[in-house]
Amino acid sequence: MKNLILILIALCPSLCNILAQESTPCYKRKRICPQKYNDCRNLVSFDEESNTYLSKRDNSMLYSGTCISCYRNGVMQEQITIVDGKRNGQDTSYYNSGCPQSVQNFVLGKLNGTSVVFFDSTNRKEREITHVNNVVNGNYILFDNNEKNDTIFMENYKNGKPDGAKVEYYENSKRAKVVQYKNGLLDGPHQTFSPEGKIEVDYFYKEGKKHGKWKIYYPDGKVARCEEWANGLRNGEFKTTDELGKIVSQAFYKKDISEGKHIENFNDGKPKHVTVYLKGEKIEEYTFDDYGVRTDVIKLEEKNKKKTKEEKQESNGNKQKDKEKKDKKDKKDKKKKK
């Protein structure tokens, strides 16, 4: 026990210093540039096309070494390490206030590992990104500038493309939106939530295309609209209902082609406009006024008569063509016999 107490007493000064640093505002811990330092502005020039740092002596020799940039007030702006013309190792940049601005990790000029950007004067994270050989690979996270430094956005990447969950949050860290990706394409559930945590929309994607049942909800949890999709095509029932459950509109599709009755209703649920389709063709249409009086726009009987007339005309035309062909053939046979 005595030994433990002695160890704690020995460690106390270093622990106290660490705690004091953490509790001290970052702008009070600013790094001041030394009187003599390797000034990046005087020593190196950067070639954007080749992503290479060159010595300013002749602009042809690759620069190697550590250099510092400073603000006019003497506060350190950035300290970078360069090896054979490429940034290498961990680099830290600072705001004019002295607080950290960003921390990045390079391997021979390429971002590798986790990079962090901070809000000014708070030392709170603004965003965090993971790279592998200069390509985003891993988490991409955005943070709120509040006391808890809450996460407000998080997305996963694989080889530079969204892959996995993309989540957006409200200020209280509750989910606002959850979307799934696979190899850069929407793939899986796509949901949004109210600040109270109730689901607002529930969609589904398959390889970037709308698929399955899509639902939109009222605040009380009742379904406001339901759609059925298959690989990006409307396929099934599309229905909208009011908060009492009455049908506002209803339509049916088969492989993106209109089929069956398509209905629009008045607020009381009574029909207002009805259209009937058969394999995408409109075969009947009628409306109702406020008193329930029906007006036919396209009568089924008229449509059938018109269709029958068209079929007869087509049939007569085909018969005429067959007769002309037969006459030509008979003439050729007669010439051959002569």
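Residues numbered from 1 in each chain as written. Predicted model: local features only at pLDDT ≥ 70, side-chain atom pairs only at ≥ 80, totals over all residues. Heavy atoms only, no water.

Asker: Would you take a moment to explain the overall build of the protein for this structure?
Answerer: Helices and strands together make up the secondary structure of the protein, namely 3 helices and 27 strands. Per-residue burial over the protein gives 30% buried out of 338 residues. Within the protein, contacts between residues separated by at least 24 positions form 14% of all contacts whose residues are at least 6 apart in sequence. Approximately 22,900 Å² of the protein is accessible, and the part contributed by carbon and sulfur atoms is 50%. (Helix = DSSP H or I, 4+ residues; strand = E, 2+ residues; numbered from the N terminus. Buried < 20%, exposed > 50% of the residue type's maximum accessible area, 1.4 Å probe, protein only. Contact = heavy atoms within 4.5 Å. Areas by Shrake-Rupley, 256 points an atom, 1.4 Å probe, with all protein chains shown as cover.)

Asker: Just checking my understanding: could you explain the pattern of salt bridges for this structure?
Answerer: Two side chains that carry opposite charge are able to pair once their charged atoms sit near each other. According to the stated counting rule, one finds 9 salt bridges in the structure shown. Between Glu78 and Arg87 there is a salt bridge, with the nearest N and O atoms lying 3.3 Å from each other. The exposure class of Glu78 is partly exposed, given its relative accessible area of 24%. With relative accessibility at 13%, the residue Arg87 sits in the buried group. With its nearest N and O atoms 2.8 Å apart, the salt bridge here joins Arg234 to Asp256. Taken together, the positions of Arg234 in strand S20 (residues 233-234) and Asp256 in the loop between strand S22 (247-254) and strand S23 (257-258) put the pair 22 residues apart, joining distant regions of the chain. The class for Arg234 is partly exposed, based on a relative accessible area of 28%. The partly exposed category is assigned to Asp256, whose relative accessible area is 33%. (Salt bridge = Lys/Arg side-chain N within 4 Å of Asp/Glu carboxyl O.)

Asker: Any chance you could explain the packing of aromatic side chains here in plain terms?
Answerer: Geometrically, a pair of aromatic rings is defined through the distance of the ring centres and the angle of the planes. One pass over the structure, following the stated rule, counts 9 aromatic pairs. Consider the rings of Tyr203 and Trp214, whose centres lie 3.9 Å apart with planes at 15°: the pair is stacked. Here the residue Tyr203 occupies a position in strand S16 (residues 199-206), and Trp214 occupies one in strand S18 (residues 212-217), the gap between them amounting to 11 residues. In terms of burial, Tyr203 and Trp214 fall into one category: buried. Ring plane angle 75° and centroid distance 5.2 Å describe the contact between Phe238 and Tyr253, whose orientation is recorded as edge-to-face. Taken together, the positions of Phe238 in strand S21 (residues 236-241) and Tyr253 in strand S22 put the pair 15 residues apart, joining distant regions of the chain. The exposure class of Tyr253 is buried, given its relative accessible area of 15%. Taking NZ or CZ as reference, Arg175 lies 4.4 Å from the ring centre of Phe193, over its face. The lysine or arginine in question, Arg234, covers the ring of Tyr253, its NZ or CZ lying 4.2 Å from the ring centre. (Phe/Tyr/Trp six-rings, centres within 6.5 Å; stacked < 30°, edge-to-face > 60°. Lys NZ or Arg CZ within 6 Å of the ring centre and 35° of its normal.)

Asker: What am I meant to see in the pairing of strand S1 (residues 44-47) here?
Answerer: Note: S1 against strand S2 (residues 52-55), 4 bridges, orientation antiparallel. Bridging from a neighbouring strand, Asp47 pairs with Thr52 of S2. (Pairing = 2+ DSSP bridges.)

Asker: Is there a simple way to think about the nonpolar core in this case?
Answerer: For soluble globular proteins, nonpolar side chains are generally found buried alongside one another. The biggest cluster of nonpolar side chains holds 11 residues, and these are Val179, Tyr181, Leu186, Val201, Tyr203, Tyr205, Trp214, Trp229, Phe238, Ala251 and Tyr253. Contributing elements (two or more residues each) for this core: strand S14 (175-182), S16 and S22. Here this core takes 3 residues from S16, the largest share from any one element. Those residues in contact with Ala251 that sit more than four places away from it in its chain are Gly236, Glu237, Phe238, Lys261 and His262. Judged by nonpolar contacts, the second largest core, of 7 residues, contains Tyr53, Tyr63, Cys67 and Ile80. (Core = buried A, V, L, I, M, F, W, Y, C linked by side-chain atoms within 4.5 Å.)

Asker: Just checking my understanding: could you explain the environment of Glu207 for this structure?
Answerer: Its location among the elements puts Glu207 in the loop between S16 and strand S17 (209-210). For Glu207, a relative accessible area of 57% gives the class exposed. Contact partners of Glu207, with chain neighbours within four places excluded, come to Leu185, Leu186 and Asp187.

Asker: Can you walk me through unusual backbone geometry in this structure?
Answerer: Note on backbone geometry: most residues besides glycine have negative phi, and most peptide bonds are trans. Even without glycine at this site, Asn149 takes up a positive phi of about 50°. Along the chain, Asn149 turns up in the loop between strand S11 (135-143) and strand S12 (151-158). Positive phi values are uncommon outside glycine, yet Asn183 reaches one of about 55°. Residue placement: Asn183 occurs in the loop between S14 and strand S15 (185-193). Residue Asn183 is classed as exposed on the basis of its relative accessible area, which comes to 51%.

Asker: What's the story with the state of the cysteines in this structure? I'm lost.
Answerer: As used here, a disulfide is simply a covalent bond connecting the sulfur atoms of two cysteines. One pass over the full model with this rule turns up 2 disulfides. Across a sulfur-sulfur distance of 1.7 Å, Cys33 and Cys70 are joined as a disulfide pair. Handedness of the Cys33-Cys70 disulfide follows from its S-S torsion of about -105°: it is left-handed. Taken together, the residues span a long stretch of sequence, with Cys33 in the loop between helix H1 (2-23) and helix H2 (40-43) and Cys70 in strand S3 (residues 65-70) at a distance of 37 residues. (Disulfide = S-S within 2.5 Å.)

Asker: Sorry if this is basic, but what is going on with a nonpolar patch on the surface here?
Answerer: A surface patch of nonpolar side chains, about 240 Å² in accessible area, is lined by Val83, Val107 and Leu108. With respect to the helices and strands, the residue Val83 is situated in strand S4 (residues 76-83). A relative accessible area of 31% places Val83 in the partly exposed class. (Patch = residues over 30% accessible without salt bridge, like charges linked within 9 Å, V, L, I, M, F, W, Y side chains within 5 Å.)

By themselves these figures say nothing about function.
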